[in-house]
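# Inside the fold
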Amino acid sequence: MDQSYDVVVVGGGAAGLSGAVALARSRRSVLVVDAGDPRNGPADHVHNFLTRDGTPPAELYAAGRAEVTRYGGRVETGRVTALSRDGEVFRVEIGPRTVAARRLLVATGLRDELPDVPGLAARWGIDVLHCPYCHGFQVLDKRIGVLATGPTAVHQALLFRQLSPYVTLLLHTGPASGGEQRDQLRARGIPVTEGTVAEIEADPAGLTGVRLANGRHIELDAVVVAPRMHARADLLAPLGLKPAEVLIGDYPVGTHIEADPTGATAVPGVWVAGNLATVQAQVITSAAAGLAAGAAINLDLVLEEARA
């Protein structure tokens, strides 16, 4: 093995960098390995992050990397290709080389699976949105279509109606709303449009609307979707950790790695943080989870050293 560290952090987003800062400030040798493809990469700005609202994601992560290195940690651009245990340590393969770690913090996030609608993926993170708290204020009082592909669509429509009076529920492949939900939509003045959405339409200035399968065009400024959120957890399978399904009621919305409030998993020595553990986590909550995991890892190492 080329090098040994107290902790290797896999993933250099808000969760991984925050955990690395906590560890480096506690005088732990820490290496962050980041592949450079964050979930919020397509977005122009981060929101609901106190004192950092409106910061471009790349700028936020660059500042985080600088903090890690300022406290003595190391940040490396690369991709971890395999994780394994070798006695009391973990082997972390980074391309052709291998490093050793006493503990692992995995913060590889998740992958959003979007509905298969032409034009949708190209506008993702720009004017195709999913979270009213991440980017809802940016579509204040605009024409918003909520693409219904499951039972969470009415929930989204009600939340976005708080931001604009011009919200339409597009049933697409979603189930017809029940009586109580119809009453809620009616009370909030949200019209329901039947019919499959055939294409998201846009011009150089941005999204212009949707075209239904029957040829009808509906003018919109933004479309809201509910992606299925898949944990990026392939690296953890050889260690015995597999994703569990996340349900809203009986409806599956994604997968995550189960962990306790500090991010500790069922495998001793392995912690997770951010969207890998919590699909609902935003940037600021991911950073908080990374801090909690870093503190817990440092304590775990201290207790091990106290037994030596």
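Scroll up to find the structure.
Just so you know, these numbers come straight off a predicted model, no measurement behind them.

### Things to note about the sheet that holds strand β8 (residues 128-129)
The parallel open sheet is built from five strands, whose spatial order is β8-β15-β9-β10-β11. Strand pairing shows two members of the sheet lacking a second neighbour, β8 and β11 (192-193), which therefore form its edges. Where β8 lies against strand β15 (residues 222-224), two bridges are found, and the strand directions are parallel. The residue of β15 that forms the bridge with valine 128 is valine 223. Strands β9 (144-147), β10 (167-170) and β15 of the sheet are contacted by helix α3 (residues 153-161), whose axis makes an angle of about 170° with β10.

### A few points about the packing of helix α1 (residues 14-25) against helix α2 (residues 57-70)
Running from amino to carboxyl end, α1 crosses α2 at an angle of 20°, the nearest separation of the two axes being 9 Å. Classified by the angle between their axes, α1 and α2 sit roughly parallel to one another. Here α1 and α2 pass one another in a crossing that is left-handed. Contacts between α1 and α2 pair Ala14, Leu17, Ala20, Val21 and Ala24 from the former with Tyr61, Gly64, Arg65, Glu67 and Val68 from the latter. Each residue belonging to the contact of α1 with α2 can be placed in one class, and the counts come to seven nonpolar, one polar and two charged.

### Comments concerning the pattern of salt bridges
Considering all chains together, one arrives at 20 salt bridges under this definition. Notably, a salt bridge pairs glutamate 304 with arginine 102, separated by 2.7 Å at the nearest N-O pair. A residue pair is termed long-range when its members are at least 10 positions apart, and glutamate 304 in helix α5 (residues 283-307) and arginine 102 in strand β6 (residues 97-106) qualify at 202 residues. Judged by its relative accessible area of 27%, glutamate 304 is partly exposed. Judged by relative accessible area, arginine 102 falls into the partly exposed class, the value being 21%. A salt bridge links arginine 143 to aspartate 221; the shortest N-O distance between them is 2.9 Å. With arginine 143 in the loop between β8 and β9 and aspartate 221 in the loop between β14 (217-219) and β15, the pair connects residues that are 78 residues apart, well separated along the chain. Counted as one network, the salt bridges with shared partners bring together Asp6, Arg28, Arg102, Arg103, Asp300, Glu304 and Glu305.

### What to know about the nonpolar core
In terms of nonpolar packing, the biggest core is built from 27 residues, with Val7, Val9, Val30, Leu105, Trp271 and Ile297 touching the most fellow members. Elements supplying a minimum of two residues to this core: β1 (3-10), α1, β2 (30-34), α2 and α5. By residue number, the principal contributor to this core is α1, which donates seven residues. If we skip the residues at most four places from it in the chain, valine 9 touches Gly16, Ala20, Val30, Leu31, Val32, Val33 and Leu105. Core analysis: the second largest hydrophobic core is formed by 25 residues, Val33, Phe90, Val92 and Ile94 among them.

### As for the packing of α1 against α5
One can describe the packing of α1 onto α5 by two numbers: an axis separation of 7 Å at closest approach and a directional angle of 35°. In the packing of α1 onto α5, the handedness of the crossing is right-handed. Counting all contacts with α1, which are made through Ala14, Ala15, Ser18, Gly19, Ala22 and Leu23, the residues of α5 involved are Val283, Ser286, Ala287, Gly290, Leu291, Gly294, Ile297 and Asn298. Here the residues of the contact of α1 with α5 are counted per class, giving eight nonpolar, six polar and no charged.

### Section: the state of the cysteines
Considering all chains together, one arrives at zero disulfides under this definition. In this structure cysteine 131 is a free cysteine whose sulfur lies 3.0 Å from that of cysteine 134, the closest cysteine sulfur available. Take cysteine 131: its relative accessible area is 10%, and that puts it in the buried class.

### Brief notes about the sheet that holds strand β12 (residues 197-203)
With antiparallel pairing, the three strands of this open sheet are ordered in space as β12-β13-β14. Of all strands in the sheet, those with a lone pairing partner are β12 and β14, marking the two edges. Sheet twist, expressed as the mean angle between neighbouring strand axes with direction ignored, is 30°. The sheet contact formed by β12 and strand β13 (residues 206-212) spans six bridges and is antiparallel. Bridging from a neighbouring strand, glutamate 199 pairs with arginine 211 of β13.

Thresholds, definitions, all that
- Residues numbered from 1 in each chain as written.
- Predicted model: local features only at pLDDT ≥ 70, side-chain atom pairs only at ≥ 80, totals over all residues.
- Heavy atoms only, no water.
- Pairing = 2+ DSSP bridges.
- Helix = DSSP H or I, 4+ residues; strand = E, 2+ residues; numbered from the N terminus.
- Contact = heavy atoms within 4.5 Å.
- Axes fitted to C-alpha atoms, helices over the stretch in contact; angles between N-to-C directions.
- Parallel < 35°, antiparallel > 145°, perpendicular 65-115°, else oblique.
- Left-handed = near helix turned anticlockwise from the far one by under 90°.
- Nonpolar A, V, L, I, M, F, W, Y, C, P; charged D, E, K, R; others polar.
- Salt bridge = Lys/Arg side-chain N within 4 Å of Asp/Glu carboxyl O.
- Buried < 20%, exposed > 50% of the residue type's maximum accessible area, 1.4 Å probe, protein only.
- Core = buried A, V, L, I, M, F, W, Y, C linked by side-chain atoms within 4.5 Å.
- Disulfide = S-S within 2.5 Å.

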